[in-house]
Amino acid sequence: MSTNRRTFIKQMGYVSLGFSMLGTACVLDSKKSVNAFDEIPKRPSEEQINAWIRILGDGRIKVLTGKMELGQGIRIAVAQVAAEELNTNIDLVEVNLAETGVTANEGYTAGSRSIEASAMSIRNAAACAREILKELAAKKLKIDKDRLDLKDGFILNEEQKFSFFEILDGQQIERNLKIPPEFKAKASRKIVGQPIKRKDISQMVVGKHTFIQDLRFPGMLHARIIRPPSYTSKLKSINENVFSGKEGFLKLVKIGDFLGVISEEEFQAVQLQREIFANTEWETGAPLPADKDLKTYIKNLAAEVAVEEQRGDWEKALKSASIQHKASYFKPYIMHAANGPSCAVAIYKDEKLKLWTHSQGVYPLRETLAPLLEMPQKNIHIIGTPGSGCYGHNAADDVAAEVALLAKNYPGKHIRLQWMRDEEHAWEPYGTPMAFEMEAGLTPEGKIAGWKYDFWSDVHSTRPGGNPDNLLPARYLGKSYKKPAGGFKGGALRNSIPYYDIADLQTQSHIFSGPLRRSALRSLGAFGNIFAIESFMDELAYKAGKDSIQFRINHSSDTRSIECLEKLQQKISSVKKSKNQGVGVAFSRYKNSSSYCAVAALVEVSEESEVFVKKMWAVIDAGECINPDGLKNQTEGGMIQAASWTIKEKVLFSDQHIISLDWNSYPIFRFPETPECEVEVIDRVEQPPLGAGESAQGPAGAAVVNAIFDATGIRVRDLPVKDQLAKEINKK
Amino acid sequence: MKKSMKASLVLNVNGKDRSLRITPETPLLYALRNNLELNGPKFGCGLEQCGACMVLLNGKANPSCRIPVSEVIEKKIVTIEGLAENGNLHPLQQAFIDEQAAQCGYCLNGVLINSVSLLNENKNPTAAEIKNGLEKNICRCGTHSRFIKAIKKVLKS
């Protein structure tokens, strides 16, 4: 047992070294990486403390999270909870991100669950580790456990001092987690709740932070994919004579209609990609509904209809109401549009695959790659490496699958594949279009009487999930893989039930299958549902002659909702609107079970009906706050991104393919368009922490549209605003 | 594809002459990243639309994703790796750390380089001049307001 354990620690020590080198030099020693390659690591069960926390020989503490760093700052948050419970300087804590065989299998880094799940497991493990370390030290020193303290990787009392490593005799804590463990008293916390700075930003400003795009291995080769002109085009012919003698050309991997080129240098691969495409002929693919009005089109598609929530009798309540109101809304396809195109690196050797990816789920990716590559899972080792921000399920898994296919067909060398800008724009799975129909009544006192909500949506997730259909290259391999049916309708339902006190209501879903690739985009259905519901709440408040914030408070019994709204009211009460300016507000509790977020926007609408968002405010209650600056950063970013979605964004397509291919044909907010942001955090140390990375999306979109109404008296119900506002003005 | 031949070139990067064998039409970005192993400048679009690849050419921010290496042999090239002098961070680098001005950080290279260029040309820009000066930089995370705060902080000090 102890020998096994030692070998195990040695292996872990090695992996750790590999990552330290990654962080500083980016170049891995080829000999060592091949050695490590042969030993696909084994990991302890998630019940065990050492699945989450390991004590390193040099005095540092390694925290293992099954989640990925996406720019949301999960690394610093998990380091904070561990450092706090172990009373250790945070600089001594290093974080191992998601890696198969090493970290716990925590599924996907999605749904704002990283703090709620991973950080809390790590906090539990650290608290248990602290108590066990004290017990072991007490036994060793034959003194009472309460006479010992922990500090910076040492256990000490007035006379003696031992490192954690010495106390453990070089072993790891394999005992199971005790739940609930004894946490450090909230009043004495010094690290949790503080705006501790991220270590990666200090590396970024000197160009030393390693993104997946920056990995470099000795002898590494480069690759690009040759894409068909549409989703469904079949390859008719390819003239290989033209490019096969080109400088640097190594191989064209051709499997069915899947074409990938491997070359010595990266720019050669870029040139070969163009040249090979110019020497291919493709059949025309099935047409896309480019000439249709998308809002009407998706409502007329075959759909799976279900009543999702039924309370009281909405029809009767509506009939008895003194005012009745109806409205319909729409959001188009929106893209993740990562700033850095998706990238992955792989090497295949001795029937084993090692893969570096910015996927949000290394274990689900492994489970899905195994059948695609016809390899056992145990021979695949996947290492999560941060990429450009993804905001959900973008092409990270697709590019990983593609480079894995190429590596398997060109063994023995590291191969790096990065998509080009037009590929990232045109081939990622988008956030789905949604349509919404609302109907409600009001009593003479201004209370909602009867609420009927119908929404139309595609599925919101086609994450890998063990099904190769979900990986883009699968459908071109000439096998039986097909367009994914998708799953997780739940994503469409997110926030479709208003978080307000409404006695009589019905929510009904209409789930269709739309023409473009689609998957999880930050907040999934919540953005569309909250945009519609909070726009409609604003319309109802106006009809009822009530202040918009007060109207929401009148329909809330959750005191945390009310506090957010009241604090927001205070923030905007002193705003002086100039001519053509308006202020709008919106509120939601994300998923109706996570963070509370109230948002206000100040907009100005020009004579040419252009909208400028001048300032945005948010008040957010995410329970116990681990890092207030991280929470603010996520909320500011969420507001700006959602305002950009709302005002400008829409994926365009022709009858053959997507034609939003770059930043000109898919414009997003640039610096001159972005608002100043102010975020207030309500820290509730007594409450469990709640995920917050997606909480601002919905209310930010609605707040902007409500502000436009305040400025102009014009209600924009179909997004994006820039397409619709001029039309609405012309109608008047 | 044109018939391409490698040539020996010398580039002045971060104050040092660096020789490399490269096809002259290769865009500067690939030379910096792959030949000189400077990972600061990033590939974002290859179209000079997003600014992720910006470097200073004779003190002025320029995208590096299209300009061929053959056109920059006479220029002083500075990448984000070369901004610190004698181990001291450039005030903007320090301000970006202080304001925690990054989320994913992929655009940070271009935003920082362009900010340095902006302040090289205009010691006291207004808020509007800062925003307009950074128009070429795409940030998808929505970190704009923090970047602007960081630049304003340097102006104050």
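Residues numbered from 1 in each chain as written. Chains lettered and ligands numbered in written order. Predicted model: local features only at pLDDT ≥ 70, side-chain atom pairs only at ≥ 80, totals over all residues.

Q: Could you clarify how one ought to interpret the overall build of chain A in this entry?
A: In terms of helices and strands, chain A carries 19 helices and 24 strands. Its C-alpha radius of gyration of 27 Å places chain A within 12% of the 27 Å reference for a compact globule of 732 residues. Principal-axis analysis of the C-alpha atoms places the extent of chain A at approximately 80 × 80 × 45 Å. Residues counted as buried form 54% of the 732 residues belonging to chain A. Contacts in chain A between residues at least 24 apart in sequence constitute 79% of all its contacts with a sequence separation of at least 6. (Helix = DSSP H or I, 4+ residues; strand = E, 2+ residues; numbered from the N terminus. Rg over C-alpha atoms; globule rule 2.2 N^0.38 Å. Buried ≥ 20, exposed ≤ 12 C-beta atoms within 10 Å, placed from the backbone. Contact = placed C-beta atoms within 7 Å.)

Q: Is there a simple way to think about the nonpolar core in this case?
A: Generally speaking, a soluble globular protein has its nonpolar side chains buried in company with each other. Judged by nonpolar contacts, the single largest core of 260 residues is most densely connected at A:Ala82, A:Val403 and A:Val599. Beyond its immediate sequence surroundings of up to four residues, A:Ala82 is in contact with A:Ile53, A:Ile61, A:Val63, A:Val93, A:Ile122 and A:Ala126. (Core = buried A, V, L, I, M, F, W, Y, C linked by C-beta atoms within 7 Å.)

Q: Explain the domain arrangement of chain B to me, please; I cannot follow it from the model alone.
A: All names here are of chain B. Domain assignment breaks chain B into domain 1 (7-82) and domain 2 (91-156). On a C-alpha basis, the centres of domain 1 and domain 2 stand 21 Å from each other. Between domain 1 and domain 2, the contact holds 15 residues from the first and 13 residues from the second. For the side of domain 1 that touches domain 2, the elements supplying multiple residues, two or more each, are β3 (55-57) and β4 (60-62). For the side of domain 1 that touches domain 2, the per-class residue count stands at 9 nonpolar, 4 polar and 2 charged. (Domains from an automatic or database assignment. Nonpolar A, V, L, I, M, F, W, Y, C, P; charged D, E, K, R; others polar.)

Q: Is there a simple way to explain the domain arrangement of chain A in this structure?
A: Size of an interface: often given as the accessible area lost when the parts come together. The domain architecture assigned to chain A consists of domain 1 (2-192) and domain 2 (221-284 + 337-427). Each partner contributes to the interface: domain 1 of chain A provides 16 residues, whereas domain 2 of chain A provides 17 residues.

Q: Help me understand the sheet that holds strand β2 (residues 61-64) of chain A, please; the structure alone is not making it clear to me.
A: Consider a sheet: its strands pair through backbone hydrogen bonds, and that pairing is either parallel or antiparallel. All names here are of chain A. Pairing within the open sheet is mixed, and its 3 strands lie in the order β1-β2-β3. Each having just a single partner strand, β1 (53-55) and β3 (93-96) make up the two edges of the open sheet. Across the sheet, the mean angle from the axis of one strand to that of its neighbour is 25°, orientation sign disregarded. Taken together, the 3 bridges between β1 and β2 define a ladder with antiparallel strand orientation. The residue bridging Ile-55 from the neighbouring strand is Ile-61, located in β2. (Pairing = 2+ DSSP bridges. Axes fitted to C-alpha atoms, helices over the stretch in contact; angles between N-to-C directions.)

Q: Explanation requested: the pairing of strand β1 (residues 7-13) of chain B in the structure shown.
A: Within a regular strand, the side chains alternate between the two sheet faces. Residue and element names in this part refer to chain B. Inspection of the sheet shows β1 paired to strand β2 (residues 16-22) by 7 bridges, in the antiparallel sense. Within β2, the position partnered with Ser-8 by the bridge is Arg-21. Between β1 and β2, which pair antiparallel one after the other, the connecting turn spans 2 residues, and Asn-14 there sits at a positive phi close to 50°. Examined bridge by bridge, β1 and strand β5 (residues 76-78) share 2 bridges and lie parallel to one another. Among the inter-strand pairings, Val-13 is bridged to a residue of β5, identified as Ile-77.

Q: Looking at this structure, I do not really get the packing of helix α17 (residues 628-648) of chain A against helix α18 (residues 697-712) of chain A. What am I missing?
A: Helix packing geometry: the angle between the two helix axes and the distance between the axes. Residues and elements named next belong to chain A. Where α17 meets α18, the closest approach of the two axes is 8 Å, and the angle between their N-to-C directions is 55°. Viewed along their axes, α17 and α18 adopt a mutual orientation that is oblique. Between α17 and α18 lies a crossing of right-handed hand. Contact with α17, carried on its side by Gly-638, Met-639, Ala-642, Ala-643, Trp-645, Thr-646 and Ile-647, involves Gln-697, Ala-700, Gly-701, Val-704 and Val-705 of α18 and no other residues of that element. Residues that form the contact of α17 with α18 fall into these classes: 8 nonpolar, 4 polar and no charged. (Parallel < 35°, antiparallel > 145°, perpendicular 65-115°, else oblique. Left-handed = near helix turned anticlockwise from the far one by under 90°.)

Q: Honestly, the confidence of the model for chain B in this entry has me stumped. Any pointers?
A: Detailed reading of the predicted model is not advised wherever pLDDT is low. For chain B, the mean per-residue pLDDT works out to 96, and 97% of the residues sit at or above 70. Interface confidence for the predicted complex, given as ipTM, is 0.98, next to a pTM of 0.94. (pLDDT = per-residue confidence, 0-100.)

Q: I keep staring at the sheet that holds strand β22 (residues 596-605) of chain A and nothing clicks. Help me out?
A: Residues and elements named next belong to chain A. Strand order across the open sheet formed by 4 strands is β21-β22-β23-β24, with mixed pairing between neighbours. Since the sheet does not close on itself, it has two edges, and those belong to β21 (581-589) and β24 (676-681), each with one partner. The mean inter-strand angle of the sheet, taken between neighbouring strand axes irrespective of direction, is 15°. Taken together, the 9 bridges between β21 and β22 define a ladder with antiparallel strand orientation. Bridge pairing in β22 places Gly-584 opposite Ala-601. Helix α16 (residues 559-572) contacts β21, β22, β23 (611-621) and β24 of the sheet and is inclined by roughly 30° relative to β22.

Q: Can you walk me through the pairing of β23(A) in this structure?
A: Residue and element names in this part refer to chain A. In terms of residue burial, β23 counts as a mostly covered element, since 8 of its 11 residues are buried. As paired strands, β22 and β23 are joined by 10 bridges and run antiparallel to one another. Across the sheet, residue Val-599 finds its bridge partner in β23, namely Ala-618. The hairpin turn running from β22 into β23, its antiparallel successor, is 5 residues long, and Ser-609 in that turn takes a positive phi close to 60°. Bridging between β23 and β24 involves 6 bridges; their strand directions are parallel. Bridge pairing links Lys-615 to Glu-676 in β24.

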